[in-house]
Every structure is written in structure tokens, then in C-alpha cells.
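Listed below, chain by chain, are the residues.
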Amino acid sequence: MIDLLIRTFIKDHEKHTDRKVRTAYGNLACLVSVLCNLLLFAGKTAVGVLSGSVAITADGLNNLSDASSNLVSLVGFRLGARPADSEHPYGHARYEYLAGLAVSVMILVIGIELLKSSFEKVLHPTEVSFSVTMVLVLIASILVKLWMARLNRTIGGRIDSETLMATAADARNDVITTAAVLVASILTYFTGFNRIDGVMGLGVAGFILYSGATLVRDTINPLLGAAPDPALVAHIEEKALSYPGVLGIHDLMIHDYGPGNCLVSFHVEMDANADVMRSHDIIDNIERDMLAQDGLVVTIHYDPIVTGDAHVAELKAFLKEEIKRLDPEADIHDLRTVPGKTHTNVIFDCAVPAEYLHDKQRRGAKLAAALRTAVQDKWPDHFCVIRLEPDYTSHNVPAKD
């Protein structure tokens, strides 16, 4: 069914990385979701009003909020597909994130209202009628939501859309919520304890609030500049290192301007004795290939590395092993030495998770001190000059202050 919808309504559906095709995928998922949620809202609200069940009515209102969310997501896809202009040279793809944030706030508002009405039902319970129609409506809702979860997960995975993956998770959560409502209705019918309905309504409202709060966090993160996907980081590193002459990369920065719109910069280490024009040609190839094959706008800085100095190689190997032992989250690069009559300065950069530079544990400073001590224990006349810098791709969890 899902493949049939895709083949019928999306032209060139196999080119899902193309911006126009990606937008068509998003439009299809959103419009189908709106239609399904409106049908569920109408059915549940009618049954809830007729039966006097606040839990069923609450679940129906949740479907209405889902439909509103789908509409906002639809607007986000359409606005995000607009091309770059002089005022927004990086494009408009972040509209998709803003749409997700608006959806999250709407869910929170609905959750608060449902919490209030359900609490009132607990304090002042009313009789809840039970019917086969009610059971059939709720079972149908569970089946529809399962299909919607699969639809959004399939399309969201295909076009790498966090918005649709969140919609899929929300539909899956609705399956759990509706199942809980069905259980509450059956228990109320057999026990005669009408407060079960209100209590279950509170549970539904609480679940909506939790989901909304989680979505707020997830949609704010990319807007605030969250660390990039580790899989993308690994792909960029592996691809760059696959080119001839590239000895290493560092200072990788990924700027997320919306789904499918990333700007990337990093330094590549190459032999200082190699032909400069050849090295520059390789760098051009990396930038061009990543744009054509991965859709990444890449800017690369060339770092010439002295490879013929045996002592520099020994120092680098020692420090790499030492920092791996002290803290696997950190790394070193750009190592060079300045020999003198009485001592040798060992100069290098140390990339650490950003929080190491300001937390109360002073992890950055302690790591630098440990490296200085390790070098001086092995080479007493060597002094380390270390520049700590943030690693913009780290997912390290901050320690508690």
C-alpha cells in the first residue's frame, strides 16, 4: 500500500535525495496523515460524546492535535524547499525544524487542557456507557495508527527526515495510548468504577505532555547547534582519508542549515614535501566529490606535515597512545617541535569535548597537565605547549558539576 502511494503520487520517486522529490515525499506523508487523523478524530469524538467517555474524547482530541501537527509539518516542508536567496544564502531548510518546534508546543498545550478535564472527571466521575461500536472504533484506530507509523517511518527513513521519524514515533505512541483507553473502558464496564475513565484520561494527558516535551527538546537541539550525527562524522572522515596523500584530518565542523543542507569544513594533513599543486588538486577533488555524491558543501584547509623527522613521529605516536589511555574522547594534532640549546618545545593542539574547557572538574586543564608530565617523564628536556580546543563533533555526556 505504501509503495503504491509512492509510485502513484511521487514522480521520480527513486531520486529521493533530490530536493523537489524529497519535498514531494514529505507532502505525501503529511497529507495522508492529516486525512487519517481527521477521520480518527471524527469517529472517536462521536463515540466519546455519545458514551460520555472523557478518555475516548481526549484520545480523539489527540488525533485532532496530530492533524494540526501534520499541517504544520506540511507547511514546514513547503517553506523549507524554497531556494536560497540574497537574504538567506544558506537556504530555508531550517523551516522544517521550526515546524517541528511549533508542533511540539501545540502538543504541550493540548496535553495541559486534557490534564485539566481528566482531573475534573476523577473528582466528579460520570457514568460511562459501553458499546460494541466504541470497541470497534478504538480497534480501528489502533490499526490505522500502526499503518501511519509504518508510513512515516518508511518515508522518513528514505528521505532522512527527523520530522517524519518523530511523526512515526508519535503514531506508535498513539497505539499505546488508544489501547490504554480501550482497556479503561472495558474495566469500567465490568467493575462499575467510573473513576477509571478519568484516571486513564490523566494517563493519556501525561503521555501527551511527555511526548510534547521530548519533541521540544529534539527540535530545539539542531537549532541550537547540536553535535552532528556520528555516522555522518565517520563517513566524512573515512571518505577524506581514502584519497591519496591524505595522512589525517582534524578540526571537523558540520553546520546544519536544515535537512539535506550541511556546510562542512575541516583540515587535511598532507606531506609537506609533496608537490603543492598535486596536494591542492586532491583537495579540490575531495570538495567536488562530497558535493556531488553526498550533497555536502565542503571547505578544506591544507595542513602540511613534516613526515621525515623520526623524533617528531616518535613524539606523536607516544602522545597518541598516552591520550588514548588518559581520555579516549580527546585527540591531538598539528604537532611540531622547536629545539633549543637547553630544552625543546613540543607544540600541539588538543581537541576535547567542549564542556572540558569550562566545567568545574577542569578536565581540559588536568588532561593537558597529565600530557606535559608524561612527556617530561620520558624526555626531561621537553616542554609541552598545548592549545586546548573544542571538538565540534563530540557526543560526550557532560559530567555533573
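Analysis parameters
- Residues numbered from 1 in each chain as written.
- Predicted model: local features only at pLDDT ≥ 70, side-chain atom pairs only at ≥ 80, totals over all residues.
- Heavy atoms only, no water.
- Helix = DSSP H or I, 4+ residues; strand = E, 2+ residues; numbered from the N terminus.
- Rg over C-alpha atoms; globule rule 2.2 N^0.38 Å.
- Buried < 20%, exposed > 50% of the residue type's maximum accessible area, 1.4 Å probe, protein only.
- Contact = heavy atoms within 4.5 Å.
- Areas by Shrake-Rupley, 256 points an atom, 1.4 Å probe, with all protein chains shown as cover.
- Lys, Arg positive; Asp, Glu negative; His and termini not counted.
- Charge placed at Lys NZ, Arg CZ, Asp CG, Glu CD.
- Axes fitted to C-alpha atoms, helices over the stretch in contact; angles between N-to-C directions.
- Parallel < 35°, antiparallel > 145°, perpendicular 65-115°, else oblique.
- Left-handed = near helix turned anticlockwise from the far one by under 90°.
- Nonpolar A, V, L, I, M, F, W, Y, C, P; charged D, E, K, R; others polar.
- Pairing = 2+ DSSP bridges.
- Salt bridge = Lys/Arg side-chain N within 4 Å of Asp/Glu carboxyl O.
- Patch = residues over 30% accessible without salt bridge, like charges linked within 9 Å, V, L, I, M, F, W, Y side chains within 5 Å.
- Expected span 1.5 Å × (residues − 1).
- Arc of directions from axis to C-beta.
- Polar contact = N/O pair within 3.5 Å; in protein donor to acceptor, adjacent residues only side chain to side chain.

**Q** In this structure, what is going on with the overall build of the protein? I would like to understand it.
**A** Across its full length, the protein holds eleven helices and six strands. On C-alpha atoms alone, the protein measures out to a radius of gyration of 28 Å, which is more than a quarter above the 21 Å that the 2.2 N^0.38 rule sets for 401 residues. Overall, the C-alpha framework of the protein stretches about 95 × 50 × 35 Å when taken along its three principal axes. Residues classed as buried in the protein amount to 42% of the 401 residues present. Look at the contacts in the protein between residues 6 or more apart in sequence, and 68% of them connect residues 24 or more apart. Total accessible area on the protein stands at roughly 20700 Å², and carbon and sulfur atoms take up 62% of it. When the 36 basic and 48 acidic side-chain charges of the protein are each reduced to a single mean position, those positions are 4 Å apart.

**Q** I tried to follow the side chain of His382 on my own but got confused; where do I start?
**A** Structurally, His382 is set in strand S6 (residues 382–391). Overall, the relative accessible area of 6% leaves His382 in the buried class. Those residues in contact with His382, other than ones at most four positions away along the chain, are His311, Leu315, Thr344, Val346, Val375 and Gln376.

**Q** Can you walk me through the packing of helix H10 (residues 310–326) against helix H11 (residues 363–378) in this structure?
**A** The N-to-C vectors of H10 and H11 enclose an angle of 135°; their axes lie 11 Å apart at closest approach. The pairing of H10 with H11 is recorded here as oblique in orientation. Viewed along their axes, H10 and H11 form a crossing whose handedness is right-handed. Contact with H10, carried on its side by Glu314, Phe318, Leu319, Glu322, Ile323 and Leu326, involves Leu367, Ala370, Leu371, Ala374, Val375 and Lys378 of H11 and no other residues of that element. Classifying every residue of the contact of H10 with H11 by side-chain character gives nine nonpolar, no polar and three charged.

**Q** I would appreciate a short explanation of the sheet that holds S6 in the present structure.
**A** Sheet strands line up and pair through hydrogen bonds in the backbone, either parallel or antiparallel. With respect to topology, three strands assemble into an open sheet ordered S4-S5-S6, the strand pairing being mixed. Each edge of the open sheet carries a strand with a single partner, namely strand S4 (331–339) and S6. For this sheet, the mean inter-axis angle between neighbouring strands, taken without regard to orientation, is 15°. When strand S5 (residues 344–353) meets S6, the two strands line up parallel, connected through ten bridges. When the bridges of S6 are listed, Pro353 appears paired with Asp391. Against the sheet, H10 contacts S4, S5 and S6, and its axis sits at roughly 145° relative to S4.

**Q** What is the right way to look at the pattern of salt bridges in this model?
**A** Between side chains of opposite charge, a pair can form when the charged atoms approach closely. The full count for this structure, using the stated rule, is twelve salt bridges. Between Arg217 and Asp218 there is a salt bridge, with its nearest N and O atoms 3.2 Å apart. Here the salt bridges do not stand alone but share partners, grouping Asp66, Lys145 and Asp174 into one network.

**Q** What am I meant to see in the environment of Ala240 here?
**A** In this structure, Ala240 sits in helix H8 (residues 230–241). For the pair formed by Ala240 and His124, sequence separation is 116 residues and the distance between their alpha carbons is 66 Å. Ignoring sequence-local partners within four residues, the contact set of Ala240 consists of Val246, Ile249, Phe266, Ile286 and Met290.

**Q** Is there a simple way to explain a nonpolar patch on the surface in this structure?
**A** The grouping of Ile139, Leu143 and Leu146 at the surface amounts to a nonpolar patch, some 280 Å² of accessible area in total. Counting through the fold element by element, Leu146 comes out in helix H5 (residues 132–159). Using a relative accessible area of 46% as the deciding quantity, one classes Leu146 as partly exposed.

**Q** What am I meant to see in H8 here?
**A** Each turn of an α-helix holds 3.6 residues, which means side chains three or four residues apart point in the same direction. The terminal C-alpha atoms of H8, which comprises twelve residues, lie 16 Å apart, in line with the 16 Å expected from a rise of 1.5 Å per residue. All buried positions along H8 are accounted for by Val233, Ile236, Lys239 and Ala240. Angularly, the buried residues of H8 cover 140° about the axis, an arc narrow enough to put them on a single face. Turned more than 90 degrees off the buried face of H8, the exposed positions are Ala231 and Glu238. Residues of H8 that are buried make contact with strand S1 (246–256), strand S2 (262–271), helix H9 (276–294) and strand S3 (296–305). With a side-chain oxygen positioned 3.1 Å from the backbone nitrogen of Ala231, the residue opening H8 is Asp229.

**Q** Is there a simple way to think about unusual backbone geometry in this case?
**A** Across residues other than glycine, the phi torsion is negative in most instances, and most of the peptide bonds are trans. Of note in the backbone geometry, Asp334 takes a positive phi value of approximately 55° without being a glycine. Take Asp334: it is sitting in strand S4. Classification of Asp334 by relative accessible area gives partly exposed; the value is 22%. Of note in this structure, Arg362 is not a glycine but carries a positive phi near 55°. The topology assignment puts Arg362 in the loop between S5 and H11.

Read these as geometric descriptors, not functional statements.
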